[in-house]
Amino acid sequence: MPVLMCPPDHFQVTYEINPWMHVSVPVDARRARRQWEDLRGVYADLGVEVVLAEPAAGLPDMVFSANAAVLRGDVAVLSRFRHPERRGEEPLWRSLLSGLGMRVRETSGPAFEGAGDALFLGDTLVCGHGFRSDSAAIPEVGRALDVETLAVELVDPRFYHLDTCFCPLDARTALLAPAGVSPASHDLLRRRVERLIEVPEAAAEGFACNAIRVGDTVISSTALEALARPLAAAGYRVLGLPMSEFMKAGGGVRCLSLPGVPGARAAQREPQPVAGWRSPVAP
Ligand code: ARG
């Protein structure tokens, strides 16, 4: 399944919209580039096609493509960012996604920050709310994508997006840093996720939950040594990629990735329809 990434050409910390961001702590642009290229290289090694977005000057967080939208099939629900600092990304993601052939939907107004706050556990979309996305967005997103949703309340500002404390790996397995969610949401996830691997707070602070699974590999933003054993028991091996520069903005591996976009290869297979014209080879 192709993954959308946005090169870190303009990545910096120029404002503070989560507790990880400090404009006084400079980003090492060369190191950030290396870390981003390492992730892109791992995708290539694992046979994952990477689709690239065009980065825009003045939008330093655009590198976090997970926040563009949430996708299912050919439908994308576009983000509506909570903070004005990121609102300028919306039209760019809209035109990119529709250019890839996706049908782009929007919420009627409530804030919603895409796959950063909406992750599929099998067919169920688990949606975080409390810091960035409004709970009012959740039923709208569920209807637009025609899926069941499960609302999870985020309570710790360090874990301001769902993907900083929760990571479904398959329909029955997920990582969770309980510190990030309310006691009621913790109970709900315990009931809903057959194999819930609890991540110690210290590992979660290293963005251990900000991970993505490709086949039997879990790519995480930290070495996840504490989790190697439970993950091995679930059939997964862990690959930790250092993400120090992106963590300065509150992001890691998962935030840099939006899985589920149609690949360029697919786009090439499907020519744009031209009015009045039928392919001579079409059935
Ligand atoms: N600085 C960005 C923000 O606060 C980081 C976004 C991280 N993305 C994510 N999916 N958690 O919006």
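Throughout this description, residue numbers start from 1 for each chain and increase along the sequence as written. Only residues with pLDDT of at least 70 get local features here, since the model is predicted, and only at 80 or more are side-chain atom pairs given and counted; chain-wide, interface and lining totals rely on the full set of residues. Here the side-chain values reflect all heavy atoms present in the structure, with hydrogen atoms and water set aside.

(A) Just the sheet that holds strand S14 (residues 237-240), in detail. When DSSP finds two or more bridges between two strands, those strands count as paired. Runs of E in the DSSP output that reach at least two residues are strands. Runs of H or I that reach at least four are helices, and both are numbered from the N terminus. Across the sheet, three strands lie side by side as S12-S13-S14; this open sheet has mixed pairing. Each having just a single partner strand, strand S12 (212-214) and S14 make up the two edges of the open sheet. Within the sheet, the average angular offset between the axes of one strand and its neighbour, ignoring direction, is 30 degrees. Pairing between S12 and strand S13 (residues 217-220): three bridges, direction antiparallel. Bridging from a neighbouring strand, valine 214 pairs with threonine 217 of S13. Residue contacts are counted whenever heavy atoms from the two residues lie within 4.5 Å of one another. An axis is simply a line fitted to the C-alpha atoms; with a helix, the fit covers only the stretch in contact. Between two such axes, the angle follows the N-to-C directions and lies from 0 to 180 degrees. Packing against the sheet, helix H1 (residues 29-45) makes contact with S12, S13 and S14, and its axis sits at approximately 170 degrees to S13.

(B) Representation of the side chain of serine 220. Within the fold, serine 220 resides in strand S13. Not counting residues within four places of it along the chain, the set of residues in contact with serine 220 comprises Phe207, Ala208, Asn210, Ala211, Leu239, Gly240, Leu241 and Val253.

(C) Representation of the packing of aromatic side chains within the structure. In this analysis, rings of Phe, Tyr and Trp, with Trp reduced to its six-membered ring, are considered paired at centre separations within 6.5 Å, and the interplanar angle assigns stacked below 30 degrees, edge-to-face beyond 60, and tilted for intermediate values. Summed over the entire model, instances satisfying the criterion amount to four aromatic pairs. Consider the rings of tryptophan 20 and phenylalanine 207, whose centres lie 4.9 Å apart with planes at 65 degrees: the pair is edge-to-face. Taken as a pair, tryptophan 20 in the loop between strand S1 (3-5) and H1 and phenylalanine 207 in the loop between helix H6 (201-205) and S12 lie far apart in primary sequence, 187 residues in all. On the basis of relative accessibility, which here comes to 1%, the residue phenylalanine 207 falls in the buried class. Measuring from centroid to centroid gives 6.2 Å for phenylalanine 64 and phenylalanine 246, while their planes differ by 85 degrees, and the two rings are edge-to-face. Exposure categories follow from relative accessible area, calculated using a 1.4 Å probe and restricted to protein chains: below 20% of the type maximum is buried, above 50% is exposed, and the middle band is partly exposed.

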